[in-house]
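Results of the structural survey
Each chain, written out:
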Amino acid sequence: MDPALAAILRSFRKQRDYAQRLTADLTGADMVRQPISGITLNHAAWTLSHLAPYPPILAAILRQEPFEDPLNSPAGRGSTPLPDAAAYPPKAALLEAFFTGHDDLERALEGATPADFARPIPLPRWAERFPLVGDAVVHLALHHESAHLGQLSAWRRACGLPPV
C-alpha cells in the first residue's frame, strides 16, 4: 500500500476507536445534554448525525459510485444541536450509522490507489474547496472528523464526564 494512504488509514482507524471511547458510557439522555446554561454545545447526538454522512459519501466517491449530496442533511452545515432527544435517532442507531459508514470508508481506503486520490472531485459545489478526491478525503475523513471528535471530548468534560 502507498505509504501516504497507509498513514491516512491508520489515523482514520484511530479516530474510530476514539469515537467509540467518547460515546461508550453515554446514556440516551446524555446524548443531547447541554451542560452550560445559555450556551449550545455540539452534543453527541448532533455530532454523530453531522459526521455520519461523510464516510459513505467518500467511500462512494473513491469507488466511483453514485451518492447523495449531503447539502440538506438535518445536521448539516448551519444546523443547530437540538436539546430534544426525539429529534435524533436513538444512541444505538446513531452509533450504527456512524460506525457502518466508517467501516465502509475504511474498506474503500484499503482498496484505494494514488490515482483514485488524483481524480477530480465529482461534486461540483465542492470543486473549489476540494479540487481532487484526495483533498476531500483528507479534509473530511481526518481534519473535519477529528475536529468534531475534539469538540465531543470538550463537551464530555463540560458535562462532568471523565476524559477518555
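This one's a predicted model, so the numbers in the text were calculated from it and none came from an experiment.

What counts and what doesn't
- Residues numbered from 1 in each chain as written.
- Predicted model: local features only at pLDDT ≥ 70, side-chain atom pairs only at ≥ 80, totals over all residues.
- Heavy atoms only, no water.
- Helix = DSSP H or I, 4+ residues; strand = E, 2+ residues; numbered from the N terminus.
- Rg over C-alpha atoms; globule rule 2.2 N^0.38 Å.
- Buried < 20%, exposed > 50% of the residue type's maximum accessible area, 1.4 Å probe, protein only.
- Contact = heavy atoms within 4.5 Å.
- Phe/Tyr/Trp six-rings, centres within 6.5 Å; stacked < 30°, edge-to-face > 60°.

With that out of the way, let us pick up the overall build of the chain. Scanning the chain from terminus to terminus reveals six helices and zero strands. Listing each helix as α and each strand as β along the chain from the N terminus yields α-α-α-α-α-α. Here the C-alpha radius of gyration of the chain, 16 Å, is about what a compact globule of 164 residues would show, namely 15 Å. Principal axes of the C-alpha set define a box for the chain whose edges measure 50 × 30 × 25 Å. Evaluated residue by residue, the chain yields a buried proportion of 46% over its 164 residues. Residue pairs at least 24 apart in sequence account for 75% of intrachain contacts in the chain once pairs closer than 6 positions are excluded.

Enumeration over the complete set of coordinates arrives at three aromatic pairs. Between Tyr 54 and Trp 126 the ring centres are 6.4 Å apart and the planes differ by 25°, which places this aromatic pair in the stacked class. Here Tyr 54 is found in helix 3 (residues 54-63), whereas its partner Trp 126 is found in the loop between helix 5 (114-117) and helix 6 (133-158), with 72 residues between them in sequence. In this structure Trp 126 comes out as buried when scored by relative accessible area, which is 6%. Measuring from centroid to centroid gives 5.7 Å for Trp 126 and Phe 130, while their planes differ by 85°, and the two rings are edge-to-face. Considered together, Trp 126 and Phe 130 belong to a single accessibility category, that of buried residues. Within the aromatic cluster, the residues linked to one another by ring pairs are Tyr 54, Trp 126 and Phe 130.

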